[in-house]
Amino acid sequence: NTIPSPRARPGGRGFSASTHFALADDEALVVTLDRLGADSLGFQLADPWGVAYEYVDHTSSLNQNQAEPSADGSYTYVVAAKDPGFANWLDPDGESAGIMVLRWQVLPEGADPAKAIRRVEVVKLDALAKAMPADARRVTPEQRKAQQVERARQYARRLGQ
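Conventions adopted
- Residues numbered from 1 in each chain as written.
- Predicted model: local features only at pLDDT ≥ 70, side-chain atom pairs only at ≥ 80, totals over all residues.
- Heavy atoms only, no water.
- Salt bridge = Lys/Arg side-chain N within 4 Å of Asp/Glu carboxyl O.
- Helix = DSSP H or I, 4+ residues; strand = E, 2+ residues; numbered from the N terminus.
- Buried < 20%, exposed > 50% of the residue type's maximum accessible area, 1.4 Å probe, protein only.
- Phe/Tyr/Trp six-rings, centres within 6.5 Å; stacked < 30°, edge-to-face > 60°.
- Pairing = 2+ DSSP bridges.
- Contact = heavy atoms within 4.5 Å.

*Asks:* Give me the pattern of salt bridges: which residues, what numbers.
*Replies:* A full pass over the atoms with the stated rule returns eight salt bridges. With its nearest N and O atoms 2.9 Å apart, the salt bridge here joins Arg118 to Asp72. Here Arg118, found in strand β9 (residues 117-124), pairs with Asp72, found in the loop between β5 (61-63) and β6 (75-79); they are 46 residues apart in sequence, far enough to count as distant. Judged by its relative accessible area of 42%, Arg118 falls in the partly exposed class. Classification of Asp72 as exposed rests on a relative accessible area of 52%. When the shortest N-O distance is used, the salt bridge between Arg144 and Asp83 registers 2.8 Å. Placement of the pair is Arg144 in helix α2 (residues 141-158) and Asp83 in the loop between β6 and β7 (89-90), with a sequence separation of 61 residues. The buried category is assigned to Arg144, whose relative accessible area is 3%.

Take a look at the structure:
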């Protein structure tokens, strides 16, 4: 439930970090990232063996176009087995443990990986609202369903369907 400082990817392909998470049923992991000016920021969950959790109908991955930034430009995500009702929920498909993979790609010259991870904290679900940024958007079950329908539509489009 910690994230090491990102490492430079070979060939100048940006930064990446990965680590394991394990949460109790009543816990969530709150992660705040700085985009560092990257053209592409991605956060993905996988099972303990590295197989991606279902990502077409679930938000087990989010890029900077799918996630919502805070007013200061950072991105705060919530990893939890059950939908916590916040926009940037990373859904491990009901599982409580797995791997987190983070990528910053196409970075400006001088981007500092030491500034990439602003916060990583395990919180109890009943204290989650207090742990989130004031401008973190809440979502209703209907809005979550619409988000998942849009993900599936975008995925089908990506495959040329």
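There is more to say, and it comes next.
*Asks:* Give me the packing of aromatic side chains: which residues, what numbers.
*Replies:* All chains considered together, the criterion is met by three aromatic pairs. Judged by centre distance (5.7 Å) and plane angle (75°), the ring pair of Tyr55 and Tyr155 falls under edge-to-face. In this pair, Tyr55 is assigned in the loop between β4 (40-46) and β5 and Tyr155 in helix α2, connecting sequence segments 100 residues apart. Look at Tyr155 and you get partly exposed, because its relative accessible area is 24%. Taking the centre distance of 6.4 Å and the plane angle of 20° together, the rings of Tyr75 and Tyr77 count as stacked. Given the relative accessible area of 3%, Tyr75 is considered buried. Overall, the relative accessible area of 0% leaves Tyr77 in the buried class.

*Asks:* Run through the sheet that holds β7, naming residues and quoting values.
*Replies:* A sheet is described by the order of its strands in space; here four strands give the open sequence β7-β6-β3-β9, paired in mixed fashion. Across the chains shown, the open sheet's two edge strands, defined by having one partner strand only, are β7 and β9. Bridge count between strand β3 (residues 27-33) and β6: five bridges; the pairing is antiparallel. Among the inter-strand pairings, Thr32 is bridged to a residue of β6, identified as Thr76.

*Asks:* Describe the pairing of strand β8 (residues 97-105), with residues and values.
*Replies:* Where strand β2 (residues 15-22) meets β8, eight bridges bridge the pair, whose relative direction is antiparallel. Bridge pairing in β8 links Ala17 to Leu102. Where β4 lies against β8, seven bridges are found, and the strand directions are antiparallel. What sits directly across from Ala46, in β8, is Ile99.

*Asks:* How would you sum up the sheet that holds β5? Please name residues and give values.
*Replies:* Backbone-to-backbone hydrogen bonds pair the strands of a sheet. The strands run either parallel or antiparallel. Reading across the sheet, the five strands line up as β1-β2-β8-β4-β5 and stay open at both edges, with antiparallel pairing between neighbours. A strand with exactly one partner marks an edge of an open sheet, and here the two such strands are β1 (7-8) and β5. Taken together, the two bridges between β1 and β2 define a ladder with antiparallel strand orientation. Within β2, the position partnered with Ala8 by the bridge is Phe15.

*Asks:* Before we move on, could you go through the environment of Pro6 and cite the residues and values that matter?
*Replies:* Structurally, the position occupied by Pro6 is in the segment before β1. Its relative accessible area of 7% is what places Pro6 among the buried residues. In sequence terms Pro6 and Ala156 are 150 residues apart; their C-alpha atoms lie 31 Å from each other. Leave out the neighbours within four places in its chain, and Pro6 touches Phe15, Ser16, Ala17, Trp104, Pro113, Ala116 and Ile117.

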